[in-house]
Each structure stands twice: as structure tokens, then as C-alpha cells.
Amino acid sequence: MKIILLGPPGSGKGTQGDLIEQNYGFPKISTGDLLREAVQENTPLGKKAEASMNRGDLVSDEIVMQMVEARLSREDCQKGYILDGFPRNINQALLLEDISSQQAEVVLDIRLSEKKLIERLSSRRICSQCGNIYNLFMKAPNRPDECDVCSAVLVQRQDDMPEVIMERLRVYRQETEPLIAYYRKKANYHPIEGDKEIEPVFKDIQAVLEAELTKSNRSEAMR
Ligand code: AMP
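Residues numbered from 1 in each chain as written. Predicted model: local features only at pLDDT ≥ 70, side-chain atom pairs only at ≥ 80, totals over all residues. Heavy atoms only, no water.

Caption draft 1: Region of the structure containing the nonpolar core. Among the nonpolar cores identified, the biggest contains 26 residues, and Leu 72, Leu 83 and Tyr 183 are the most heavily contacted of them. Counting only elements with at least two residues in this core, the list comes to β1 (2–6), α3 (44–55), α4 (61–72), β3 (81–84), α5 (90–99) and α7 (162–184). The leading source of residues in this core is α4, at six residues. Here Leu 72 is in contact with Ile 29, Cys 77, Gln 78, Tyr 81, Leu 83, Leu 96 and Ile 99, once residues within four sequence places are set aside. Membership of the second largest hydrophobic core comes to 17 residues, among which are Ile 3, Phe 26, Ile 110 and Leu 209. (Core = buried A, V, L, I, M, F, W, Y, C linked by side-chain atoms within 4.5 Å. Buried < 20%, exposed > 50% of the residue type's maximum accessible area, 1.4 Å probe, protein only. Helix = DSSP H or I, 4+ residues; strand = E, 2+ residues; numbered from the N terminus. Contact = heavy atoms within 4.5 Å.)

Here you go:
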């Protein structure tokens, strides 16, 4: 199954994607994480992407597609995968259709008001070592500024600074929101209420996924 996680920055796609991965075994592919890794490792691709990321703008489709195509061709994606932060515009959605297999597709659109998104993004902290994500209110670390998993220092992402947050939300409205209309026309689009604690949001997602898995198993059995 191909699971596409839509939703603005700060809506909880990363956290919910991790829970889906843990519970259903599909690998989560976050283009933001792949790009941050490339920047950290100073690869040619990372060098090209860094300036756009720091401004809060989208990286070019060409760079992102190169990365996604390489990742999707790996063995662990053959039965399905979870896409977090991709596609980000209609062109990427069309390119994804060209390169991806004919698996059942489910689109989960996590919805949240802009006021809540700003609150969440400004209180997000990540581990400088293992990348574990915290939120000072919803998923606070046991000790302030220290990762529960590896004890490394927690930091704020460069693009979670106030002026960059506003730019990311503007880019989302302009580039990514039209995707909702595109996917809404398809049968497997599911809006998810994101203004709740992590667990209740995941319960709603599970209800959708269970129904979709049953549907896709049934149609496979009929083939
Ligand atoms: P995220 O972690 O998904 O919020 O992504 C962080 C940043 O990486 C974004 O603000 C973009 O600069 C870049 N990025 C991530 N995914 C994509 C994508 N699918 N297309 C273009 N840029 C992306």
C-alpha cells in the first residue's frame, strides 16, 4: 500500500508517519529528512538544496525526484511505503504516478489551523544526534534540552525560526494546497482532524487504514 501523508508543516505528519511505520511495517520516506541528511553530509545534492531549505522554499522538483526515485527502487519499498512531505506540488504528484507501482493508494490529509501550526512549529525541538522529535507541550522531553533516547542536546531546526515558518506556510498555501483539490477527486482521499493529541489522531488514521487494507486485500483475492 502506498500511503501519502498530506498536511501543512507542523501538522504531525512525521510523528504519525513513524507510528504507521511501527504498526504496519511500511517504511516511512520523508523527503525533508532525506534532504537534511544530504545537507549534513555535504553531498552535491545537499549543497544544491540547502539555500532553498533555509529560506523555507521548496527544493527543485528535479533534485527531489532524483532522491525519491532512488529510494523507492529499494527492496523495502516493494510492498508499500509511507510518503511524508512528498508530493509537495501537482507536478511531483504526476511524476510520482509515472515512477510508482500500481499499489493501492491512500491519501491522508492532516488538517490544522494556521494558529496551531505556528504554535507547534515554534515549540518543536529535535535531537542533534539521533533526530528524535519533541514538542515542548505535546511530547516534552524528560529533561529540558536533552534527548530521552541518546542524551544529546536538543536543538531547533533552522527552518522553525519565526520568519522562516511564515514563509513555509505561504509556500504550503501556494504550492501544496492545490494538491488537496487534485487528490480529493480520487476515491482514497481522507481528511484527518489534526487538532488532537497524538494518540487520538493515530486512532483515526488506523480506522482509515484498516478499512483500506481490507478493501485492497479483497480486491487482490478477486484477481
Ligand atoms: P519538511 O521536513 O517536510 O518540512 O521539509 C523541510 C524542507 O525541505 C522544506 O521546507 C523544503 O525546503 C524541503 N522539501 C522537503 N520535501 C520537499 C519536496 N517534496 N519538494 C520540495 N522541497 C521539499
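There is more to say, and it comes next.
Caption draft 2: Quick peek at the site of the ligand. Taken together, 16 residues lie around the ligand, and Thr 31, Arg 36, Asp 57, Gly 85 and Gln 92 are the ones closest in. Arg 157 is positioned with one of its side-chain polar atoms (N or O) 3.3 Å from an oxygen atom of the ligand. When the ligand sits alone it has 480 Å² of accessible area, and the protein chains cover 96% of it. For the shell around the ligand, the class distribution of residues is six nonpolar, four polar and six charged. (Near = heavy atom within 4 Å. Polar contact = N/O pair within 3.5 Å; in protein donor to acceptor, adjacent residues only side chain to side chain. Areas by Shrake-Rupley, 256 points an atom, 1.4 Å probe, with all protein chains shown as cover. Nonpolar A, V, L, I, M, F, W, Y, C, P; charged D, E, K, R; others polar.)

Caption draft 3: Spotlight on the packing of α4 against α5. Orientation of α4 relative to α5, taken along the N-to-C sense of each, is 30°, at an axis distance of 11 Å. Classified by the angle their axes make, α4 and α5 are roughly parallel. For the crossing formed where α4 meets α5, the hand is right-handed. Of α5, the residues touching α4 (which contributes Asp 61, Val 64, Met 65, Val 68, Glu 69 and Leu 72) are Asn 91, Gln 92, Leu 95, Leu 96 and Ile 99. Partitioning the contact of α4 with α5 into residue classes produces seven nonpolar, two polar and two charged. (Axes fitted to C-alpha atoms, helices over the stretch in contact; angles between N-to-C directions. Parallel < 35°, antiparallel > 145°, perpendicular 65-115°, else oblique. Left-handed = near helix turned anticlockwise from the far one by under 90°.)

Caption draft 4: The layout of surface pockets, seen in detail. For the second largest pocket, the calculated volume is near 220 Å³. Lining of the second largest pocket is provided by Met 1, Lys 79, Gln 102, Gln 103, Ala 104, Leu 213, Ser 216, Asn 217, Ser 219, Glu 220 and Arg 223. A class-by-class count of the residues in the lining of the second largest pocket yields three nonpolar, five polar and three charged. (1 Å grid on protein atoms, 1.4 Å probe; cavity = no way out; pocket = protein on both sides within 12 Å on 5 of 7 lines; lining within 4 Å. Points joined across faces, edges and corners; volume = space filled by probe spheres on them.)

Caption draft 5: Layout of empty space enclosed by the protein. In total, this model carries one cavity of 30 Å³ or more according to the counting rule given. Taken as a whole, the largest cavity encloses approximately 60 Å³ of empty space. Only β1 and α7 provide two or more residues apiece to the lining of the largest cavity.

Caption draft 6: Summary view of the domain arrangement of the protein chain. Annotation of the protein chain at the domain level lists domain 1 (2–112 + 174–221) and domain 2 (113–156). For domain 1 and domain 2, the distance between their C-alpha centroids amounts to 21 Å. Contacts between the two partners involve eleven residues from domain 1, matched on the other side by eight residues from domain 2. Buried area between domain 1 and domain 2, both sides added, is near 900 Å², and the carbon and sulfur share of it is 59%. On the surface where domain 1 and domain 2 come into contact, there are one salt bridge. A salt bridge links Lys 116 to Asp 195; the shortest N-O distance between them is 4.0 Å. A breakdown of the residues in the side of domain 1 that touches domain 2 according to their chemical character gives four nonpolar, four polar and three charged. (Domains from an automatic or database assignment. Buried area = accessible area lost by both parts, 1.4 Å probe. Salt bridge = Lys/Arg side-chain N within 4 Å of Asp/Glu carboxyl O.)

Caption draft 7: Layout of the pairing of β3. In β3, alternate side chains face the same way, and those of Tyr 81 and Leu 83 on one face and Ile 82 and Asp 84 on the other are all buried. Across four bridges, β1 lies against β3 in parallel orientation. Within β3, the position partnered with Lys 2 by the bridge is Tyr 81. When strand β2 (residues 28–30) meets β3, the two strands line up parallel, connected through three bridges. Counted as the bridge partner of Lys 28 is Ile 82 from β3. (Pairing = 2+ DSSP bridges.)

Caption draft 8: Inspection of unusual backbone geometry at higher detail. Here the residue pair Phe 86 and Pro 87 is connected by a cis peptide bond, since its omega of -5° sits within 30 degrees of zero. Looking at where Pro 87 falls in the secondary structure, it is placed in the loop between β3 and α5. The residue Ser 151 is not glycine, and still its phi comes out positive at about 65°. Within the element layout of this structure, Ser 151 appears in the loop between β6 (133–135) and β7 (154–155).

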